[in-house]
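Spelled out from the first residue to the last, the chains are:
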Amino acid sequence: MHIAFAASECVPFSKTGGLADVVGALPRALAAAGHQVSVYLPRYRQTKLSDAQTVARSITIPFDDHYRFCSVVTGGNHSGVRFYFVDYPPFFDRDALYGTSSGDYPDNAERFALFSRAVLEASKILGIPQIFHCHDWQSALVPILLRTQYAEDPAFQDVATVFTIHNMGYQGLFPPDILPLLSLPWDLFTMSKMEFFGNVNFLKGALVYSDFITTVSRKYSQEIQTAEFGFGLEGVLRDRAATVTGILNGVDYDEWSPQVDKFTVAKYSPQDLSGKAKCKQDLLAAFGVTSPDLRLPVIGIVSRFAAQKGFDLIAQIMDRLAREELIVVALGNGDRQYEEMFARLQKQFPQRIAVKIAYDNALAHKIEAGSDMFLMPSKYEPCGLNQIYSLKYGTVPIVRATGGLDDTIEPWDARTGQGTGFKFSEYNGEALLLTIKQALKAFRDHASWQTLMRNGMNKDFSWNASAKEYVRIYEKVKQARATPAMAAV
Ligand code: ADP
Ligand code: GLC
């Protein structure tokens, strides 16, 4: 089968979060299973290509009263996957992918509309897939266009679409006059299509027009059909419930495993944990913690700083947490509000919390390897990858029982020796503090803590099983398209 991915980020070319890890790894797993896979991405300033070659010199993209002309370059073939980049420097040659800490770029609708239209036009030159697999609002126009402006295009008659929601919190909401600017028909501006409380909603359009909708964990697929987690789109999802499913993300153990990690000072494994102490020392040195007591537990945080991640709970309890014997190391960037909050906490509790406001992949690996515990108190979490990486590093996750965090972490039971981490349900500081205290208590029992570490290290969340589930869905939608009476849309 030929599957074409369209997404706004992908390791190793561009990354702000877990979407990039998924788009970097799933195509490779599909190619390894014998499928033909192409991945379309924007060519950002950050995208490093060793031998970029132009494969489409001029693609015409209509806007209201003018055309823009972009090109497509290939980034070559990696592990059997072909990478294509939409090149349009006025839109993508910028400091960041989506915006700065004070907000999104004001022309994001135009940027990602150009990207999505370019994907469709480029595929006519480079090979029409059987499936377009699109991710998040930035590529939402692909399924929307295919069933509206391109509905009569003979090139795409049999092409099916799968859309993966990585995060309902980002929908691509724009004022109505974006439609004519993007050369889209007003007829899309109705409640059953893209209209959403007076605005245009890209994500909603994709949920209406895609043949199948997936999200990145089973629990999140249920949560987003409720008002608490649906961000206003729960009704749209419930209408399509028969074509919505949750497939847990896998992780790439070639990148994220203490046995092969390129960024850590020592390797270790479930059989020989001794290297982890060196990683801890190295981590604390990287955070400028001088002459640390290595017996103190280290709690790591690596995150986009966004409301979703639940860090307001840490602010609520930090004064009481500071009375415990522990060190928190936090790496992250994003919303200015949380950057300032973490900087303030470090100033207030210099003995207890060390913070780096940055995006730093090497340091993220050092935190996974060098910490004893990993904290993700998320308000909501579609899947979450860091807790899964943490398991492999014997870094015990402390998580809120939501979305993928709930699906991947089993509560530790010291009596049976079963479980992989610590979870709490109520979204409040008290519940978090209580759970951290439980973890600290368990940490004091060295032998059983090692059992807990090994339980996690022995788990397997590699892509194989999840890639198979995606293939089953591709087959299903392909078949439905071939027999139009059965097609979902
Ligand atoms: P999300 O996609 O919501 O940000 P995930 O847990 O799925 O959450 O994925 C986050 C990914 O981004 C992980 O690979 C993590 O290591 C990485 N990451 C997040 N923030 C940073 C940072 N400040 N520096 C380096 N890597 C980061
Ligand atoms: C999103 C979610 C995260 C998920 C990632 C990859 O950014 O916030 O939970 O792991 O996408 O699917």
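Residues numbered from 1 in each chain as written. Chains lettered and ligands numbered in written order. Predicted model: local features only at pLDDT ≥ 70, side-chain atom pairs only at ≥ 80, totals over all residues. Heavy atoms only, no water.

> Break down the nonpolar core for me, with residues and values.
Core analysis: the biggest nonpolar cluster contains 73 residues, and Ile314, Val329, Phe342, Phe422, Ile436 and Trp449 have the highest contact counts within it. Considering every element that reaches this core, the biggest residue donor is helix 15 (residues 429-443), with eight residues. Apart from the residues lying within four places of it in its own chain, the contact partners of Phe342 are Ile301, Phe305, Phe311, Ile314, Ala330, Ile353, Val355 and Ile357. Of all hydrophobic cores here, the second largest spans 64 residues; its members include Phe196, Leu203, Ala206 and Tyr209. (Core = buried A, V, L, I, M, F, W, Y, C linked by side-chain atoms within 4.5 Å. Buried < 20%, exposed > 50% of the residue type's maximum accessible area, 1.4 Å probe, protein only. Helix = DSSP H or I, 4+ residues; strand = E, 2+ residues; numbered from the N terminus. Contact = heavy atoms within 4.5 Å.)

> I'd like a rundown of the packing of helix 1 (residues 18-32) against helix 17 (residues 464-482), residues and numbers included.
Put simply, helix 1 and helix 17 touch, their axes get as near as 10 Å, and they point 75 degrees apart. One finds that helix 1 runs roughly perpendicular with respect to helix 17. Listed contacts from helix 17 to Leu26, Ala29 and Leu30 of helix 1 are Ala467, Tyr470, Val471 and Tyr474. (Axes fitted to C-alpha atoms, helices over the stretch in contact; angles between N-to-C directions. Parallel < 35°, antiparallel > 145°, perpendicular 65-115°, else oblique.)

> Outline the site of ligand 2, supporting the account with residue identities and numerical values.
Around ligand 2, the surrounding shell holds 14 residues, and the nearest of these are His166, Asn249, Glu381, Cys383 and Gly384. Gln308 places a polar side-chain atom, nitrogen or oxygen, 3.0 Å from an oxygen atom of ligand 2. Between Glu381 and ligand 2, the recorded distance is 2.5 Å, taken from a side-chain N or O atom to an oxygen atom. Protein contact buries 93% of the 310 Å² of open area that ligand 2 shows by itself. Broken down by element, the residue count for the shell around ligand 2 peaks at three residues, all from helix 1. The two domains that each donate at least three residues to the shell around ligand 2 are domain 1 (2-250 + 464-487) and domain 2 (275-459). (Near = heavy atom within 4 Å. Polar contact = N/O pair within 3.5 Å; in protein donor to acceptor, adjacent residues only side chain to side chain. Areas by Shrake-Rupley, 256 points an atom, 1.4 Å probe, with all protein chains shown as cover. Domains from an automatic or database assignment.)

> Talk me through the sheet that holds strand 14 (residues 244-246); I want residue IDs and the actual numbers.
Within the open sheet, the nine strands sit side by side as 3-4-5-2-1-8-9-13-14. Their pairing is mixed. In the strand order of this sheet, the two ends are held by strand 3 (53-62) and strand 14, each with one partner. On average, each strand axis in the sheet is tilted by 25 degrees relative to the strand beside it, whichever way the strands run. Note that strand 1 (residues 2-6) and strand 2 (residues 36-42) share five bridges and pair parallel. Within strand 2, the residue paired with Ala6 across the bridge is Tyr40. The strands that helix 3 (residues 108-126) touches are strand 1, strand 2, strand 3, strand 4 (67-78), strand 5 (81-87) and strand 8 (131-135); relative to strand 3, the one it contacts most, it runs at about 120 degrees. Strand contacts of helix 17: strand 1, strand 8, strand 9 (160-165), strand 13 (212-215) and strand 14, with the helix running at about 140 degrees to strand 9, the strand carrying the most contacts. (Pairing = 2+ DSSP bridges.)

> Give a detailed account of the site of ligand 1, specifying residues and quantitative values.
Around ligand 1, a shell composed of 22 residues is seen, among which Lys15, Gly18, Arg304, Lys309 and Ala358 lie nearest. Within the backbone of Ala358, an N or O atom sits 2.8 Å from a nitrogen atom of ligand 1. In this structure, Asp360 approaches ligand 1 through a main-chain N or O atom, which is 3.0 Å from a nitrogen atom. When ligand 1 sits alone it has 560 Å² of accessible area, and the protein chains cover 94% of it.

> Account for the sheet that holds strand 11 (residues 195-196), with residues named and values stated.
Strand order across the open sheet formed by three strands is 10-12-11, with antiparallel pairing between neighbours. Looking at the sheet topology across the chains shown, the edges are occupied by strand 10 (173-174) and strand 11. As paired elements, strand 10 and strand 12 (residues 199-201) share two bridges and run antiparallel to each other. Residue pairing in the sheet places Leu173 in a bridge with Asn201 of strand 12. On the sheet, helix 6 (residues 202-209) packs against strand 10, strand 11 and strand 12 and is oriented at approximately 50 degrees with respect to strand 12.

> Now, about the state of the cysteines: what can you tell me, with residues and values included?
For the structure shown, the criterion picks out zero disulfides. Cys10 supplies the cysteine sulfur nearest to Cys134, a cysteine that is in no disulfide, at a spacing of 14 Å. Since its relative accessible area comes to 0%, Cys134 is described here as buried. (Disulfide = S-S within 2.5 Å.)

> Residues and numbers for helix 16 (residues 446-457), please.
With twelve residues, helix 16 should cover 16 Å at 1.5 Å per step; its first-to-last C-alpha distance of 16 Å lies within 8% of that length. Residues of helix 16 that are buried in the fold lie against helix 9 (275-286), strand 18 (373-376), helix 13 (386-392), strand 19 (396-400), strand 20 (422-424) and helix 15. (Expected span 1.5 Å × (residues − 1).)

> I'd like a rundown of the environment of Ala401, residues and numbers included.
As for its placement among the helices and strands, Ala401 is situated in the loop between strand 19 and helix 14 (403-408). Overall, Ala401 belongs to the buried group, its relative accessible area being 16%. As for Ala401 and Ser425, which are separated by 24 residues in sequence, their C-alpha atoms are 5.2 Å apart. Not counting the four nearest positions on each side in its chain, Ala401 is found in contact with Lys219, Asp406, Lys423, Phe424 and Ser425.

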